[in-house]
Each structure stands twice: as C-alpha cells, then as structure tokens.
Amino acid sequence: MIIVPEREIAGLISASDCFTAIEQVFASMAAKSAYNFPVIREAIGYADALYGFKSGFDRKSLALGLKSGGFWPKNMEKGLTNHQSTVFLFDADTGRCRAAVGGNLLTALRTAAASAVSIKYLARPDSKVIGMIGAGHQSTFQLRAALDQRPFEKVLGWNIVPEDLSRLEAVASEKGLPFEHVDLDRLGAEADVIITITSSFAPILKAAQVRPGTHLACMGTDTKGKQEVEAELLGTATVFTDEIAQSISIGEAQHAINAGLLAVEDIIEIGAVVNGSHRGRTSVDEVTLYDGTGVGLQDLAVASAVVDLAIAKGVAIEVDF
Ligand code: NAD
C-alpha cells in the first residue's frame, strides 16, 4: 500500500493536473461509467464535529475508494485546519487498499478545478471581467484556477467581511490584474463570470443583478439549507451541475426546485458538455449557471493522479499492509 502524506501534495500536483482529472471524471459520470455512492455525513456528538464519507467508482479509470473526513470547529485552537480529510483508494481488481492520501489541499484543488471546468465550457469566449463573491479559504483556489481559463483583464470582489478581500487582491496582483472591491450591483453589472464561494444560508446575489451572457459558478452551497443566489436566477438561467441528485438535494438548485421554478429534467450534467453530448451555451445572451456541489469521484480522481505522480517522482511511501 502507498501513503502520500498531506505535506507532499503541494509539491506533486498542479492545478492543471487537477483540471484534467476533474474534466475526465465529469465526462465519465455523464457517460454513466462512473457513479457516486450515497454520502454519509453525521454530527458525531463529540468535539462539535461533523464526520462522513464520500465514495464512488469510476469504471473507466478504475478509481475506487472514499474520502473520509469532516469539520472540527475547534481545530484552529490546536493549530490545525478545521476541515480534515483523507482519501483511501482500493484496487478495483482485488479490493485491497491501494493508497492513503492526504485530502485537505486536494479538496481545495478539486473544487477549484470544477468551477474552472465550468468556465472553460460555459463562459463566453470573450469574457474579460471575473467577479468573486466570498473571500474565505477556498476563494483563492477558485480564482487562481479560473484565471487560467480566459484572458481576464479585471477581478471584482465582494465579501460580507470586506477586509478578507485582500486575499483575492493578492491573487489578482500575482497575475498582474487590477482588483476592485465593489457592491453587488456593480459586480453583477460588470462581471462576465461570477464565482460564489461562501457559507451563506440566504441568497446574496439577486437575479436582477445578473446581466445577460453571464456565467456563474455557484460553489459554496453543499448542504441542505445553504444558498448563495436568488432561486429566481435558476429559473431563468440554463443550469448545469456535477451530479443532479446532489444539485437538487444539497446544491443551489434545491431552492428553485422547492419553489417550482426549475424542473429536475432541465438540469444538465457538466460532463455531458465535456463529452460533446450537450451543446453547453447556445447564445451570447444566455445566462449559464454551474451548481458545483462536490462529489466523491472528484476526490478519487485527484488522489489517483497524486498517487501516480508520487510513484513517478519516487516520493510514494510503500508500506506492507
Ligand atoms: P471559509 O469559512 O474559509 O469562508 C467562508 C466565506 O463565506 C467567507 O468569505 C465568509 O465571509 C463568507 N460568509 C460566511 N457567512 C456568510 C453569510 N451569512 N453571508 C455571506 N457570506 C458569508 O470557507 P471556505 O473553505 O472558503 O468554503 C466556502 C464554502 O464552500 C463553504 O460553504 C464550504 O462548505 C463550501 N465548499 C464547497 C465545496 C464544493 O465542492 N462545492 C468544496 C469545499 C467547500
């Protein structure tokens, strides 16, 4: 069995490797070669922790396994990150444990890769301005990966705590781009692409604030009750997602479905666009919205890529297990 510790991940895998892995697994999901198993997530009644598993199997790449982990709110006091996860991969031919891989950085990278894939396939080719809503831990990963997808010329940002926007300003300046802190009216009026990455439980962005032709990647809503954009927006936009079952239960679409503004049949898996079986955006005025809920197969895809890289670079720790 191979161990790839968390400390090795940053030196092994790039955002571009993750992009390729996520693009492939989304295509595999839409082709029904890969599927996610039901998610388990429980409040364990200790340390205020939430703990669970996300798992699945990709018959194409033979990635089989699970991501185990969750959220420990008191970890900061111990000098640890609150989100903790580990990916376990199993040999699809024998069921033997193949690898244990640190999953913290990989979670950030695979989430960023998902919104980047949506931008590649759905944003207008002439997109110049990107708007970021949210400036927490995940936001810098989302922005970095997005900036590789179009020749953006400006970054706009809004956050409930404006001071935190300095994180995004730093990423923009790394890339030589101007950054502006704006209100939501201006962000919606000027952005060609909008990424939402907050832990909000009430809509932040209103449908009327979004202009025709915008692509939105809504990435923060991954739990029942969370919401980042007004449900009406999903009623008028063309809605894409990673997995439809998650989109309607824990994703941004849950609210539009409950309000009768969106039909399940109208939601499209992004993998269908990657596969070429759906056209994606059909006009310059269309609003496209990617509801990124985060699936276990994404974790398995990037962890498998890391294991291959660790073996190739001679840093995989082999244990007799
Ligand atoms: P974080 O705690 O570091 O940042 C949270 C962000 O949300 C901050 O910008 C904060 O100011 C903002 N926020 C908090 N409460 C808000 C409110 N009521 N209204 C508006 N903004 C508010 O978290 P993070 O690691 O950056 O993750 C952000 C979100 O993304 C979380 O909800 C997380 O669960 C989700 N997430 C989704 C995926 C996925 O695959 N879709 C993966 C990882 C994280």
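Small disclaimer: the values here were computed from a predicted structure and weren't measured. (Residues numbered from 1 in each chain as written. Predicted model: local features only at pLDDT ≥ 70, side-chain atom pairs only at ≥ 80, totals over all residues. Heavy atoms only, no water.)

Another point: helix H11 (residues 296–312). If you check H11, its first and last C-alpha atoms are 25 Å apart, about what 17 residues at 1.5 Å a residue would give, namely 24 Å. The buried fraction of H11 amounts to 13 of the 17 residues, a majority that puts the element mostly inside the structure. A positive phi of about 70° marks Gly314, the residue just after H11. (Helix = DSSP H or I, 4+ residues; strand = E, 2+ residues; numbered from the N terminus. Expected span 1.5 Å × (residues − 1). Buried < 20%, exposed > 50% of the residue type's maximum accessible area, 1.4 Å probe, protein only.)

Our focus in this paragraph is the site of the ligand. In the vicinity of the ligand there are 21 residues, among which Arg110, Gln138, Asn159, Asp222 and Lys226 approach most closely. Between the ligand and Ala135, the relevant distance is 2.9 Å, taken from an oxygen atom to a main-chain nitrogen or oxygen of the residue. Within the backbone of Gly220, an N or O atom sits 3.1 Å from an oxygen atom of the ligand. Contributing elements (two or more residues each) for the shell around the ligand: helix H3 (104–122) and helix H4 (137–147). (Near = heavy atom within 4 Å. Polar contact = N/O pair within 3.5 Å; in protein donor to acceptor, adjacent residues only side chain to side chain.)

Strand order in the open sheet formed by eight strands is S10-S9-S8-S11-S13-S17-S15-S16, and the pairing between neighbours is parallel. At either end of the open sheet lies a strand with only one pairing partner, and these are strand S10 (179–181) and strand S16 (268–269). Here strand S11 (residues 193–196) pairs with strand S13 (residues 215–218) via four bridges, running parallel. Bridge pairing in S13 links Ile195 to Ala217. Together, strand S8 (129–133), strand S9 (154–158) and S11 form the strand contacts of H4, whose direction differs from that of S8 by roughly 165°. (Pairing = 2+ DSSP bridges. Contact = heavy atoms within 4.5 Å. Axes fitted to C-alpha atoms, helices over the stretch in contact; angles between N-to-C directions.)

Before going further, it helps to examine unusual backbone geometry. Positive phi values are uncommon outside glycine, yet Lys32 reaches one of about 65°. Tracing the backbone shows Lys32 in the loop between helix H2 (15–30) and strand S2 (34–36). Overall, the relative accessible area of 55% leaves Lys32 in the exposed class. In this model, Asp48 sits at a positive phi of 55°, which is unusual for a non-glycine residue. Here Asp48 is to be found in the loop between strand S3 (40–43) and strand S4 (50–58). Asp48 sits in the exposed class, given a relative accessible area of 54%.

Moving on to the domain arrangement of the protein. Annotation of the protein at the domain level lists domain 1 (2–107 + 297–318) and domain 2 (121–294). Just the C-alpha atoms count here: the centres of domain 1 and domain 2 sit 24 Å apart. Each side of the interface is counted separately: domain 1 has 14 residues, and domain 2 has 16 residues. Together, the buried faces of domain 1 and domain 2 total about 1,100 Å²; carbon and sulfur atoms form 54% of this surface. When the buried surface of domain 1 facing domain 2 is broken down by residue, Glu23, Phe26 and Ala30 rank first, second and third, together holding 33% of it. The interface formed by domain 1 and domain 2 holds one salt bridge in total. Here Glu269 and Lys32 are joined by a salt bridge, their closest N and O atoms 3.9 Å apart. Scanning the region where domain 1 abuts domain 2 turns up four residue pairs in polar contact (both at pLDDT 80 or more). Of all the secondary-structure elements, those providing two or more residues to the side of domain 1 that touches domain 2 are H2 and H3. Residues of the side of domain 1 that touches domain 2, tallied by class, amount to eight nonpolar, three polar and three charged. (Domains from an automatic or database assignment. Buried area = accessible area lost by both parts, 1.4 Å probe. Salt bridge = Lys/Arg side-chain N within 4 Å of Asp/Glu carboxyl O. Nonpolar A, V, L, I, M, F, W, Y, C, P; charged D, E, K, R; others polar.)

Here we come to the pairing of S3. Bridge count between S3 and S4: four bridges; the pairing is antiparallel. Along S4, the bridge assignment pairs Arg41 with Gly52. Counted between consecutive antiparallel strands, the loop separating S3 from S4 contains six residues, among which Gly45 sits at a positive phi close to 75°.

Attention now goes to the packing of aromatic side chains. Counted according to the given criterion, the structure contains three aromatic pairs. Centre to centre, the rings of Tyr51 and Phe53 are 5.4 Å apart; their planes meet at 75°, and the pair counts as edge-to-face. Relative accessible area serves as the criterion here: at 27%, Tyr51 is assigned to the partly exposed category. Residue Phe53 is classed as partly exposed on the basis of its relative accessible area, which comes to 33%. (Phe/Tyr/Trp six-rings, centres within 6.5 Å; stacked < 30°, edge-to-face > 60°.)

Overall, the coordinates contain 16 salt bridges when judged by the stated rule. Across the salt bridge formed by Asp308 and Arg98, the nearest N and O atoms sit 3.7 Å from each other. Of this pair, Asp308 sits in helix H11 while Arg98 sits in strand S7 (residues 97–102), placing them 210 residues apart in sequence. By relative accessible area, Asp308 is classed as partly exposed at 46%. Take Arg98: its relative accessible area is 31%, and that puts it in the partly exposed class. Linking Arg110 and Asp299 is a salt bridge whose minimum nitrogen-to-oxygen distance equals 2.9 Å. Of this pair, Arg110 sits in helix H3 while Asp299 sits in helix H11, placing them 189 residues apart in sequence. Here the two residues Arg110 and Asp299 agree in accessibility, since each one is buried.

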